[in-house]
Amino acid sequence: DLRMSRGLGDVYKRQVISKTGALTIQNRNDFDIVVHLLCEGEPEIVSDEISSGGCYSFLQVATDKEYTVGIHAAVDTKTEIKVFVYDGKDTEPYTK
């Protein structure tokens, strides 16, 4: 569960590792988000807009490489951002 508060339109970052070659992001907010995956030596991958309660699967991510997950949302400084990240094997709860 990722819980963060930042300024309008900020990108929130956390590192994850896929053990399966896929990462699925579940948006647990009442607003839309866009997710960016960054990995050294790999091109940036950007999701479509993920609606409130929706999911987006990144397929064919590199296995056992660390990705920085950036979450972009047009929210104010008091808004919490909550997502779950699944790699097909484990759930990565985010809390901050």
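Scroll up a little and you will see the structure.
Sequence order as written defines residue numbering, which begins from 1 separately in each chain. Only residues with pLDDT of at least 70 get local features here, since the model is predicted, and only at 80 or more are side-chain atom pairs given and counted; chain-wide, interface and lining totals rely on the full set of residues. As a convention, hydrogens and water are excluded, and side-chain values are obtained from all of the structure's heavy atoms.

### Section: the overall build of the protein
Strands are runs of DSSP state E lasting at least two residues, helices are runs of H or I lasting at least four, and both sets are numbered from the N terminus onward. A count of helical and extended segments in the protein gives 0 helices and 8 strands. Beginning at the N terminus, the succession of helices and strands in the protein can be written as β-β-β-β-β-β-β-β. Burial here depends on accessible area, computed with a 1.4 Å probe over protein chains only, as a share of the maximum for the residue type. Under 20% is buried, over 50% is exposed, and the range in between is partly exposed. Scored against the burial criterion, the 96 residues of the protein give a buried share of 43%. Note on contacts: a residue pair is in contact if any heavy atoms of the two residues lie within 4.5 Å. Sequence-distant contacts in the protein: of pairs separated by 6 or more residues, those separated by 24 or more amount to 75%. Values of accessible area rely on a 1.4 Å probe in the Shrake-Rupley scheme; residue burial ignores everything except the protein chains shown. A total accessible area of about 5,300 Å² is found for the protein, and carbon and sulfur atoms account for 45% of it.

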